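Notes for the structure review
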Amino acid sequence: MVFNGGYMGQILRVDLTTKKISKEELDEKSAQMFIGGAGVGIEFLYNEVKPKVDPLGPENKLIFSVGPLVGSMAPCCHRMAVVAKSPLTNTVGMALSGGDFPAELKFAGYDALIVEGEAKNQVYIWIHDGEIEIRDATGFWGVQTLDTQLFIKDAINEPRAKVACIGPAGEKMVRYACIINERRAAGRMGLGAVMGSKKLKAIAVRGTNKVKCTDETKFKEALRELYDAMKESPVLYPAFSKLGTAMVVERAIELGIFAAKNWSATGVFAPVESIGGEAQEKYYTIGRGACYQCPVRCGQRRYVKSGPYAGFITEGPEFETTYSFGSMTCNNYLPAIIAADRLCDEYGLDTISTGVVIAFAMELYEQGILSREELDGLDLRFGDHEAMIEMVRRIAYREGIGDLLAEGTKRAAEIIGKGSERYAMHIKGLELPGYDVRGAKAHGLSYATAYTGGDHGRGYAIQEIFDTPVPYSVDRLAIEGKGKLCKWNQDVRTSVCDCMPFCAFVFDMAIAEIALELLSKFYGSLTGFNITPEEVEKAGERVNNIARAFNVREGFSRVDDTFPKRIMEEPIPGGPLKGQIINTGQLNKMLDEYYEVRGWDKRTGAPSRKKLEELGLKHVADELARLRKP
Amino acid sequence: MITVRVRSMFDIKEVIGARDLSLVLDEGTTVRGLLYRLFERYGVKLREKIMDSNTGNMHSHFTILVDGRNINYLNGMKTKLLDGSVISFLPSAGGG
């Protein structure tokens, strides 16, 4: 099959056990059904990683999947999905990253890279267009991520190469270790640990090909439409490009949903003056960074000039990091959040999971479940930023209690026992992001049902958080109608943002109303495959169903679509939403409605045969039926 | 008389001069009444940030909360304020 545009038509496969390097054609049917990015990646995962595979074993696969828009002349779409079975959750693991690496992989000629097996010794992969090498990385093992990128470019003598790599946390298989490229991260779900389990330190790529466009006239029309929408946005350039995601701190606090103190003090601990977006911009911002070809430049570079964290500089902290290392740990000292963000980048750790795990440990200590002795003498109290920073290091290197905490809150709680499960703020093992969903019910329903676990990115409820009236306005505290809304959020976001792919921030702030139509124009004009807006949404539905099926195969069901007890039994303690909760009855009502609109079995939460066949996934329906038979 | 708190952020906070402003109002004052009072005090600089001069309505991308609830789910601009009400002005946002 020759692809006329958008796709490069080629998948690169590297088997680290056998050292076999092979290239295969991208299947045209898969491309049209799953578009690219997370969709194509998850299809490979479903087909090639069988149930009960050890996520840290050689049978897991690590897939870097770009999409048809990557490397084109459009802005805000140069992203990749990294996919594997997650060692943190045992579900589908999927994390997105921007920066420069995704476009370079595309320019090298590939729609996806699939890494299999496990190397005998530490290696890195060097991809230079059609030439692929597996090289020795023993000299880089132990090096933090930002230096690794420099050293590897030096070793291959190609300063224009882009490098995706792991740091010490990935090498030690911390279950929420991430993959860093430039200063961006495929942050969540422990994909860095998968890379570490394969003894793969880095992937360096340099590409000189161009991404073709089938119909340049129509493509330019779509481009004009996108630029106009971006200019008309009341927030994108006026505020977001200056403040970055940290601007959401102020909003979340006003909405009463900035989760704090391990979710026990939402509305009570809300230090907006010291850690909000305005404080970050006013006192610490020294410049801005951007993904490949992006005009928004939302990456805020922040630098600490004085005090105990003087010299720390980071591109961040983002909203979620301000939550995890600020409000979750009751730390209102912004330089410590900047330092924590930088250290997580260097070690290669997911900032959300790391901060939430530390908050969990803080609560266990204050509850007397963990002793100071068990914490190796660390006085790990809420508000103690020095202890917080030290714990980041101990987790990255699995030192002392860091070894247990490196397993994530779910596993750590199972091992510790003594009622610690009550304080483990995760869903399906993935630590919760920063919006207290007791005050945003559809947003919460997506945390509960997303195929990745407690994840804000898979079905972000823009209607509840930003009052965006697309597809319609909602009362964020209402229960009725949230199943239907959650499905729309998940399917549209999956196809537009995760598969095309396209920047979720620009989606939210500039094109939400026209996204399906606009992306169908981009896709059609680039690839020559005509696709309606309805089909774009359908592709997202297809991805959510095949991902759900993967999880069903792993043993997940309705009982796992739930919240931690704190959300269901303790109301928000303060602020404007004091008293809000999502109890069992409310959750069940939302779930029943959600499964109904999804066409999933209400008892088990599994996709029905009818739905799967409607989506062209008969083979998935057949397999699930076989698994159900005694 | 009632005492309310008006909370704002970013450029609106710049105009008002405080993140959290206490105001004494007549009992029964609505959100609309509060806005008129604020526009009298802070002038067109504040008005243009909240109101669309073409339609005379609030900017579609602007949100007003009363005690954490969007006024669209209370009584809109006619929402009556009470003693202790907290009114939040939320400009358009994204990210996170």
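Residues numbered from 1 in each chain as written. Chains lettered and ligands numbered in written order. Predicted model: local features only at pLDDT ≥ 70, side-chain atom pairs only at ≥ 80, totals over all residues.

**Some details on the overall build of chain A**
Broken down by element type, chain A carries 27 helices and 17 strands. Against the globule reference of 25 Å for 630 residues, chain A gives a C-alpha radius of gyration of 23 Å, in line with a compact fold. Per-residue burial over chain A gives 64% buried out of 630 residues. In chain A, the share of contacts with a sequence separation of at least 24, taken over all contacts with a separation of at least 6, comes to 70%. (Helix = DSSP H or I, 4+ residues; strand = E, 2+ residues; numbered from the N terminus. Rg over C-alpha atoms; globule rule 2.2 N^0.38 Å. Buried ≥ 20, exposed ≤ 12 C-beta atoms within 10 Å, placed from the backbone. Contact = placed C-beta atoms within 7 Å.)

**Some remarks on the overall build of chain B**
Scanning chain B from terminus to terminus reveals 3 helices and 5 strands. Helices and strands in chain B line up, N terminus first, as β-α-β-α-α-β-β-β. By the compact-globule yardstick of 12 Å for 96 residues, chain B fits well, its C-alpha radius of gyration being 13 Å. When burial is assessed residue by residue, chain B has 31% of its 96 residues classed as buried. Long-range contacts, defined as pairs at least 24 residues apart, comprise 55% of the intrachain contacts of chain B with a sequence gap of at least 6.

**Observations concerning the domain arrangement of chain A**
Residues and elements named next belong to chain A. Annotation of chain A at the domain level lists domain 1 (10-206), domain 2 (259-431) and domain 3 (437-499 + 531-628). One C-alpha centre belongs to domain 1, the other to domain 3; they are set 28 Å apart. Of the residues lining the interface, 23 residues belong to domain 1; the matching set on domain 3 comes to 20 residues. Tallied by class, the residues present in the side of domain 1 that touches domain 3 amount to 13 nonpolar, 8 polar and 2 charged. (Domains from an automatic or database assignment. Nonpolar A, V, L, I, M, F, W, Y, C, P; charged D, E, K, R; others polar.)

**Looking at the sheet that holds strand E15 (residues 313-315) of chain A**
Residue and element names in this part refer to chain A. On the basis of which strands lie adjacent, the open sheet formed by 3 strands has the order E13-E14-E15 and antiparallel pairing. On the outer flanks of this sheet lie strand E13 (285-289) and E15, each paired with one strand and no other. When strand polarity is set aside, the average angle formed by the axes of neighbouring strands in this sheet is 20°. Packing against the sheet, helix H11 (residues 277-284) makes contact with E13 and strand E14 (299-303), and its axis sits at approximately 60° to E14. Its contacts with the sheet put helix H13 (residues 334-347) on E14 and E15, and the angle it makes with E15 is roughly 70°. (Pairing = 2+ DSSP bridges. Axes fitted to C-alpha atoms, helices over the stretch in contact; angles between N-to-C directions.)

**Describing helix H12 (residues 319-327) of chain A**
An α-helix turns once per 3.6 residues; consequently, residues spaced three or four apart project the same way. Along H12 of chain A, 9 of the 9 residues are buried, which leaves the element largely enclosed by surrounding structure. Taken together, the buried positions of H12 of chain A are occupied by Phe 319, Glu 320, Thr 321, Thr 322, Tyr 323, Ser 324, Phe 325, Gly 326 and Ser 327 of chain A.

**Overview of helix H15 (residues 385-396) of chain A**
Residue and element names in this part refer to chain A. An ideal rise of 1.5 Å per residue puts 16 Å on 12 residues; H15 measures up with 17 Å between its terminal C-alpha atoms. His 385, Ala 387, Met 388, Ile 389, Met 391, Val 392, Ile 395 and Ala 396 are the residues of H15 that are buried. Once H15 ends, the next one or two residues include Arg 398, with phi positive near 50°. (Expected span 1.5 Å × (residues − 1).)

**A word on the pairing of strand E1 (residues 10-15) of chain A**
All names here are of chain A. Both E1 and strand E2 (residues 20-25) contribute to a ladder of 6 bridges, which runs antiparallel. Looking at E2, one finds that Leu 12 is bridged to Lys 23. Counting the residues in the hairpin turn of E1 and E2 gives 4 residues, including Lys 19, whose phi is positive at 65°. Bridging between E1 and strand E6 (residues 112-116) involves 5 bridges; their strand directions are parallel. Paired with Val 14 across the two strands is Val 115, which belongs to E6.

**A closer look at the environment of Ser 8 of chain B**
Residue and element names in this part refer to chain B. Residue placement: Ser 8 occurs in the loop between strand E1 (2-7) and helix H1 (10-16). C-alpha separation for the pair Ser 8 and Leu 65, spaced 57 residues apart in sequence, amounts to 11 Å. In contact with Ser 8, not counting residues within four places along its chain, are Lys 13, Ile 16, Arg 19 and Phe 89.

**Looking at the nonpolar core**
Residues and elements named next belong to chain A. Among the nonpolar cores identified, the biggest contains 253 residues, and Leu 191, Ala 361, Phe 502 and Val 506 are the most heavily contacted of them. Ranked by residues supplied to this core, first place goes to helix H14 (residues 351-366) with 10 residues. Residues contacting Val 506, with those up to four places away along its chain left out, are Cys 76, Met 230, Leu 236, Val 296 and Ile 511. (Core = buried A, V, L, I, M, F, W, Y, C linked by C-beta atoms within 7 Å.)

**What about the packing of H12 of chain A against H14 of chain A?**
Any two packed helices are characterised by the angle at which their axes cross and by the distance between the axes. All names here are of chain A. H14 packs onto H12 with a crossing angle of 15° between their chain directions and a minimal axis gap of 8 Å. Regarding the angle of H12 to H14, the classification is roughly parallel. Here H12 runs over H14; the crossing is left-handed. Between H12, through Glu 320, Thr 321, Ser 324 and Phe 325, and H14, the contact on the second element is made entirely by Thr 351, Ile 352, Thr 354, Gly 355 and Val 356. Split into classes, the residues belonging to the contact of H12 with H14 amount to 3 nonpolar, 5 polar and 1 charged. (Parallel < 35°, antiparallel > 145°, perpendicular 65-115°, else oblique. Left-handed = near helix turned anticlockwise from the far one by under 90°.)

**Remarks on the sheet that holds strand E5 (residues 86-90) of chain B**
Residue and element names in this part refer to chain B. Spatially, 5 strands are ordered E2-E1-E5-E3-E4 in an open sheet, and the strand pairing comes out mixed. A strand with exactly one partner marks an edge of an open sheet, and here the two such strands are strand E2 (20-25) and strand E4 (69-70). Relative to E4, strand E3 (residues 63-66) runs antiparallel, the two sharing 2 bridges. By the bridge assignment for E4, Val 66 is matched with Arg 69.

**Here we look at the interface of chain B and chain A**
Contacts between the two partners involve 19 residues from chain B and, on the opposite side, 26 residues from chain A. Secondary-structure elements contributing two or more residues to the side of chain B that touches chain A are E3 and E5 of chain B. In terms of residues, the side of chain B that touches chain A owes the most to one element, E5 of chain B, which gives 3 residues.

**Section: the environment of Thr 208 of chain A**
All names here are of chain A. Locating Thr 208 in the fold gives a position in the loop between strand E12 (200-206) and helix H7 (216-232). Exposure remark for Thr 208: the 11 C-beta atoms within 10 Å place this residue in the exposed category. Along the sequence, Thr 208 and His 128 sit 80 residues apart, while their C-alpha atoms lie 8.5 Å from each other. Here Thr 208 is in contact with Phe 107 and Asp 129, once residues within four sequence places are set aside.

**Brief notes about unusual backbone geometry**
Residue and element names in this part refer to chain A. With an omega dihedral of -5°, the bond running from Val 470 to Pro 471 counts as a cis peptide bond. Within the secondary structure, Pro 471 is located in the loop between helix H19 (462-465) and helix H20 (482-499). Backbone geometry places Lys 19, a non-glycine residue, at a positive phi of 65°. Relative to the assigned elements, Lys 19 resides in the loop between E1 and E2. In this structure, Glu 182 is a non-glycine residue whose phi angle is positive, near 50°. Secondary-structure assignment places Glu 182 in the loop between strand E10 (179-181) and strand E11 (184-186). Take Glu 182: there are 21 C-beta atoms within 10 Å of it, and that puts it in the buried class.

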